[in-house]
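Architecture and fold: a report
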Amino acid sequence: GEVVRGHRSRFAVVTPEGYEQEIFIDFDVVPWRGVDDQIVGTVVCARDVTIEVLRERADSATAAELTQRFRRARDVIEEVQRVLLPSQLPVLPSLDVAASYVVSGAEQAAGGDWFEVLPLADGTVAAVVGDVVGHGVEASAVMSQLRAVTLERLHAGATATETMEALDRFVEVAPGGRAARGCTLGLRPESGEFEYCAAAHPPPLIVDPTGESYYLDPSGEGPLGEGGRRCAVRGVLAMDQVLLMYSDGIIERPTMSASAGTVELRQYATDAVADRLMPAFSRARAVDRATTQTLERATRYTGSNDDITLLAIQRCPRLNPLHVELRTDMPYGTRLRAAVRNWFRPDQADHHALAHIDEIVAELCDNAAQHAYGSDGGPITVDVILRDDGVAVASVTDRGRWRPPPQPNTGRGLGFAIVQHLSLRTTVDTDESGTTVTTEFRPWKQSHSSTSSPPTQPNELFDVYIEQRPEQTI
């Protein structure tokens, strides 16, 4: 006596010819009652909706395919831009650097923001932040061209002003870069003297750990190809001050004017450097707080509709050379590893880079223990310096006479090959007084990058924390 309804019910019908056909039917089965209200039968009302279902399936499949194609194209664009941008920042003896980069929303695809930190031969450190007009493949291609020209000019010894003038000339023959904006800065770490030249780009922000902050004067020139004569602005970065360079995506956010965004950026960056923004989930280095925490707080409620780049630089006391004396007849691995890792400032280098240095120094010490002394044991000295170009030079010296291993077929002997693979250059100097093995290695620090949508991996970009307000109970 109950009504039964079927929606898009699937049936497989075998025709007299033996073909199986799939059909879909909407139907209602209701009781048929007689005069005395007794059920005397059923009434079935059915409608063939096979054509509608097949059409919906085809439309859904087409939509899914188009969505997948769009996601693949967007992922390719983002991956291309990530490859073009420096994922590894240099580790320098008297500077701390950090960078955060966030890709705009999926509807915009990747844009043309870019940044660079480059130690130069004269001891100057160059920093660049740029912004190409537009999004997608074309913007990424133009960005890569401008970045290549910038690196070449800086590496050749050009000043910040000369580099921007070279970019002006370049966009005359590569019009896709016209109207791009950027800021190039050259800083001398020892004195703190710097000069920068901007092309319609917002000026850097100086933040002091005491809580004071101010924007530098703009250079006042237009975008690339339209700016006329370029000028440089000079200043001095005091010890422990943070210089923050950024793209305009951080200040021109949805539902917010550029002037309000500029005020917020200064406040958030000041609080982050002073460790007032998220003290329960702080980072050791002020430059890391200035980039990751500032970016998270600025975009938490408004989001972003453009790429955002933050690049922070801070002067620090210079790293002194590391000198460790060991004996091979005593356990030295733990002490050596701790000495090398504690030599760097906290969070100055990526943990993978530290692991590589551990491997290099440990293998060299093991080689000296095996080849110079054998089971007798003897002294080893380990010296490490960090050059101004970001290259760590490690030397391991013994006072023995190298000899072949007593059992050459034990499967050993790969240590030196590992050192050569991980190093830029390795040399061996041997004389009557002993042997010194010197290797060069370039440690790095990872830049932070993500999309403007929520991170898909834990700790991908933002700190995870809970903010409790007085009127709420969590």
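Heads up: the structure comes first, above all this text.
Fair warning: this is a prediction, and the values are worked out from it, not measured in the lab.

1. Thoughts on the sheet that holds strand β17 (residues 392-398)
Within the open sheet, the 5 strands sit side by side as β15-β16-β17-β19-β18. Their pairing is antiparallel. A strand with exactly one partner marks an edge of an open sheet, and here the two such strands are β15 (322-327) and β18 (425-431). Going across the sheet, the axis of each strand differs from the next one's by a mean of 15°, ignoring polarity. Relative to strand β16 (residues 379-386), β15 runs antiparallel, the two sharing 6 bridges.

2. A look at the packing of aromatic side chains
Per the stated rule, a full pass over the model turns up 4 aromatic pairs. Relative to F344, the ring of W343 lies with its centre 5.0 Å away and its plane at 65°, an arrangement referred to as edge-to-face. By the burial criterion, W343 is buried, and F344 matches it. Their ring planes at 55° and their centres at 6.2 Å tell us that F441 and W444 sit as a pair that is tilted. For the pair F441 and W444, a shared accessibility class is recorded, and that class is buried.

3. A few points about the nonpolar core
Among the nonpolar cores identified, the biggest contains 47 residues, and V132, L146, F194, L224 and M245 are the most heavily contacted of them. Discounting chain neighbours no more than four positions away, the residues touching F194 are L185, G186, L187, L216, V233, R234, G235, V236, L237 and L243.

Quick notes on the rules
- Residues numbered from 1 in each chain as written.
- Predicted model: local features only at pLDDT ≥ 70, side-chain atom pairs only at ≥ 80, totals over all residues.
- Heavy atoms only, no water.
- Pairing = 2+ DSSP bridges.
- Helix = DSSP H or I, 4+ residues; strand = E, 2+ residues; numbered from the N terminus.
- Axes fitted to C-alpha atoms, helices over the stretch in contact; angles between N-to-C directions.
- Phe/Tyr/Trp six-rings, centres within 6.5 Å; stacked < 30°, edge-to-face > 60°.
- Buried < 20%, exposed > 50% of the residue type's maximum accessible area, 1.4 Å probe, protein only.
- Core = buried A, V, L, I, M, F, W, Y, C linked by side-chain atoms within 4.5 Å.
- Contact = heavy atoms within 4.5 Å.

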